[in-house]
Amino acid sequence: MTMSEPPGRERGGTEKPNWIDRRREKIRAEVERNRRGEYTVPTWVLAVALLVIVGGWLALIFLA
(Lines give C-alpha, C1' and ligand atoms only; values in the text may rest on other atoms or scores of the structure.)
Protein backbone atom coordinates (compact mmCIF):
# COMPACT_ATOMS: atom_id res chain seq x y z
CA MET A 1 0.00 0.00 0.00
CA THR A 2 1.33 3.44 -0.90
CA MET A 3 0.88 6.69 1.00
CA SER A 4 -1.55 8.04 -1.61
CA GLU A 5 -4.13 5.31 -0.97
CA PRO A 6 -6.56 5.58 1.94
CA PRO A 7 -5.73 3.33 4.90
CA GLY A 8 -7.50 0.00 5.07
CA ARG A 9 -7.85 -0.29 1.32
CA GLU A 10 -5.55 -2.71 -0.45
CA ARG A 11 -5.47 -3.23 -4.17
CA GLY A 12 -4.87 -6.83 -5.04
CA GLY A 13 -5.96 -6.41 -8.63
CA THR A 14 -9.35 -7.99 -8.03
CA GLU A 15 -11.11 -4.80 -6.90
CA LYS A 16 -12.34 -2.45 -9.61
CA PRO A 17 -11.52 1.18 -8.73
CA ASN A 18 -14.63 3.16 -7.90
CA TRP A 19 -15.54 6.57 -9.33
CA ILE A 20 -13.71 8.56 -6.66
CA ASP A 21 -10.48 6.59 -7.10
CA ARG A 22 -10.61 6.96 -10.88
CA ARG A 23 -11.30 10.69 -10.58
CA ARG A 24 -8.46 11.14 -8.07
CA GLU A 25 -6.04 9.28 -10.34
CA LYS A 26 -7.13 11.36 -13.34
CA ILE A 27 -6.53 14.60 -11.42
CA ARG A 28 -3.15 13.35 -10.18
CA ALA A 29 -2.10 12.50 -13.75
CA GLU A 30 -3.21 15.94 -14.97
CA VAL A 31 -1.21 17.70 -12.24
CA GLU A 32 1.87 15.66 -13.17
CA ARG A 33 1.46 16.58 -16.86
CA ASN A 34 1.07 20.26 -15.97
CA ARG A 35 4.24 20.17 -13.84
CA ARG A 36 6.13 18.76 -16.84
CA GLY A 37 4.82 21.64 -18.99
CA GLU A 38 2.38 19.59 -21.06
CA TYR A 39 -0.66 21.69 -20.19
CA THR A 40 -3.09 22.98 -22.81
CA VAL A 41 -5.76 25.64 -22.76
CA PRO A 42 -9.28 24.13 -22.79
CA THR A 43 -11.23 24.57 -26.01
CA TRP A 44 -14.07 26.42 -24.30
CA VAL A 45 -11.62 29.07 -23.04
CA LEU A 46 -10.33 29.62 -26.58
CA ALA A 47 -13.92 29.85 -27.90
CA VAL A 48 -14.86 32.45 -25.27
CA ALA A 49 -11.74 34.49 -26.06
CA LEU A 50 -12.58 34.42 -29.77
CA LEU A 51 -16.17 35.53 -29.09
CA VAL A 52 -14.95 38.42 -26.92
CA ILE A 53 -12.52 39.59 -29.61
CA VAL A 54 -15.08 39.35 -32.42
CA GLY A 55 -17.75 40.97 -30.26
CA GLY A 56 -15.38 43.82 -29.41
CA TRP A 57 -14.59 44.44 -33.06
CA LEU A 58 -18.29 44.38 -33.99
CA ALA A 59 -19.12 46.79 -31.17
CA LEU A 60 -16.32 49.09 -32.30
CA ILE A 61 -17.57 49.04 -35.90
CA PHE A 62 -21.30 49.52 -35.18
CA LEU A 63 -21.09 51.89 -32.22
CA ALA A 64 -18.38 54.19 -33.54
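The shown structure was predicted, so the numbers you read here are calculated from the model rather than taken from an experiment.

Caption draft 1: Spatial organisation of the overall build of the protein. Tallying secondary structure elements over the protein gives 2 helices and 0 strands in all. Buried positions account for 2% of the 64 residues belonging to the protein. For the protein, the exposed surface amounts to about 6200 Å²; the carbon and sulfur share of it is 64%.

Caption draft 2: Helix α1 (residues 19-35), seen in detail. Taking 1.5 Å of rise per residue, the 17 residues of α1 would be expected to cover 24 Å, and the 24 Å separating its terminal C-alpha atoms lies within 8% of that figure. Note on α1: the residue one or two positions beyond its end, Gly 37, has a positive phi of about 90 degrees.

Caption draft 3: Representation of the pattern of salt bridges in the model. Per the counting criterion, the structure on display carries 3 salt bridges. Across the pair Asp 21 and Arg 24 runs a salt bridge whose closest N-O atoms are separated by 3.5 Å. Here Arg 24 and Asp 21 lie together in helix α1, a separation of 3 residues that amounts to about one turn. The buried category is assigned to Asp 21, whose relative accessible area is 8%. Residue Arg 24 is classed as partly exposed on the basis of its relative accessible area, which comes to 37%. Residue Glu 38 pairs with Arg 36 through a salt bridge whose shortest N-O separation is 3.1 Å. Judged by its relative accessible area of 44%, Glu 38 falls in the partly exposed class. Classification of Arg 36 as exposed rests on a relative accessible area of 54%.

Caption draft 4: Spotlight on helix α2 (residues 43-63). Its 21 residues place the ends of α2 30 Å apart at the C-alpha level, agreeing with the 30 Å of an ideal helix rising 1.5 Å per residue. The buried fraction of α2 amounts to 0 of the 21 residues, a small share that puts the element mostly on the outside.

Caption draft 5: Just the environment of Asn 18, in detail. Along the chain, the position of Asn 18 falls in the segment before α1. Polar side-chain contacts of Asn 18 include one of 2.9 Å to the backbone nitrogen of Asp 21.

Caption draft 6: Structural detail: a nonpolar patch on the surface. Taken together, the side chains of Leu 50, Ile 53, Val 54, Trp 57, Leu 58, Leu 60, Ile 61, Phe 62 and Leu 63 define a hydrophobic patch exposed on the protein surface, amounting to about 1000 Å² of accessible area. By secondary structure assignment, the location of Leu 60 is in helix α2. Owing to a relative accessible area of 52%, Leu 60 belongs among the exposed residues under this scheme.

Rules used in this analysis
Residues numbered from 1 in each chain as written. Predicted model: local features only at pLDDT ≥ 70, side-chain atom pairs only at ≥ 80, totals over all residues. Heavy atoms only, no water. Helix = DSSP H or I, 4+ residues; strand = E, 2+ residues; numbered from the N terminus. Buried < 20%, exposed > 50% of the residue type's maximum accessible area, 1.4 Å probe, protein only. Areas by Shrake-Rupley, 256 points an atom, 1.4 Å probe, with all protein chains shown as cover. Expected span 1.5 Å × (residues − 1). Salt bridge = Lys/Arg side-chain N within 4 Å of Asp/Glu carboxyl O. Polar contact = N/O pair within 3.5 Å; in protein donor to acceptor, adjacent residues only side chain to side chain. Patch = residues over 30% accessible without salt bridge, like charges linked within 9 Å, V, L, I, M, F, W, Y side chains within 5 Å.

Function cannot be read off these values alone, since they describe shape.
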